[in-house]
Amino acid sequence: MNKVVVKNVTFGEGAPKICVPMVGKTIPALKEEAEMLKTIDLDVVEWRVDFFEGVEDLAKVEEALTEIRVILPETPILFTFRSAKEGGELAVSDAFYFELNKIIAATKKVDLVDVELFNEEADVVSLIETAHKNNVKVVMSNHDFDKTPAKEDIISRLTRMEALGADLPKIAVMPKSAADVLTLLSATNEVFEKSNQPIITMSMAGTGVISRLAGEVFGSAMTFGAAKKASAPGQIDVNELRHVLELLHKQF
């Protein structure tokens, strides 16, 4: 398997890496959040820019990013605008979504960008090319907050992401039962055994918590924890998450 190295973090080896979201609405709130995250045992910070009230002002986004990077100079930053159709805070045009991500990738102040799979393929490929040209890795994602798709669909989506050039294919699904969680874990394991790329998968809400903990067993390379405010249902406190991941890693 290809390992994906971002600063001092290597995806595809060892325990799943811990990513913690930043959800501040203003620059002062983001700066306060970044200072707090300096004290947390995490691997990656995800800036969920769709929570930021100035997100439609590109200059404001760049200003906020500069402030975050000053506070977190060595921490890998994942830049994510989660669209409303995939559970995000704001609906914007496709044109703005791709412009925003390309401009931020070109600043080279982020280490990874999140690119949603279900967009026009030409736009997705163009954004991946821009990111890679600027040495920015791509987390390609799909989120289903309503259900858990069939195992074959999960496998197909992750495989498609890899084919398009994603460095880290990612899928998050909503379980209605324990059987749905098993579907997600089985799909994860099957893709992991065949893929050349590290992958990220999770089953959301309380029912799916085991998927956030047992990634090393089934093949998921990163999990998301909450330090202040969760950005998705089922995220666990980051300190408790680290403890469980290390416990499982010692036994694996």
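Owing to the predicted nature of the structure, the values given are computational and were not obtained by experimental measurement.

(A) Local environment of the overall build of the protein chain. Helix and strand content of the protein chain: nine helices and 11 strands. Whereas a compact globule of 252 residues would reach a radius of gyration of roughly 18 Å, the protein chain reaches 17 Å, a difference of no more than 12%. In terms of its C-alpha atoms, the protein chain occupies a principal-axis envelope of roughly 45 × 40 × 30 Å. Here the protein chain holds 252 residues, and 55% of them are scored as buried. Counting contacts in the protein chain only where the partners sit at least 6 residues apart, residues at least 24 apart contribute 73% of the total. Separation between the mean location of the 28 positive side-chain charges and that of the 39 negative ones in the protein chain comes to 2 Å.

(B) Seen up close, the pattern of salt bridges. Applying the stated rule across the entire model yields 15 salt bridges. When the shortest N-O distance is used, the salt bridge between lysine 151 and glutamate 190 registers 3.1 Å. In this pair, lysine 151 is assigned in helix H5 (residues 151-164) and glutamate 190 in helix H6 (residues 178-194), connecting sequence segments 39 residues apart. Relative accessible area serves as the criterion here: at 27%, glutamate 190 is assigned to the partly exposed category. Close ionic contact of lysine 194 with glutamate 190 constitutes a salt bridge, the shortest N to O distance being 3.6 Å. Placement of both lysine 194 and glutamate 190 in helix H6 is noted, with a separation of four residues, approximately one turn of the helix. Looking at lysine 194, the relative accessible area reads 65%, which means it is exposed. A network of salt bridges, in which partner residues are shared, links Lys7, Arg69 and Asp111.

Conventions adopted
- Residues numbered from 1 in each chain as written.
- Predicted model: local features only at pLDDT ≥ 70, side-chain atom pairs only at ≥ 80, totals over all residues.
- Heavy atoms only, no water.
- Helix = DSSP H or I, 4+ residues; strand = E, 2+ residues; numbered from the N terminus.
- Rg over C-alpha atoms; globule rule 2.2 N^0.38 Å.
- Buried < 20%, exposed > 50% of the residue type's maximum accessible area, 1.4 Å probe, protein only.
- Contact = heavy atoms within 4.5 Å.
- Lys, Arg positive; Asp, Glu negative; His and termini not counted.
- Charge placed at Lys NZ, Arg CZ, Asp CG, Glu CD.
- Salt bridge = Lys/Arg side-chain N within 4 Å of Asp/Glu carboxyl O.

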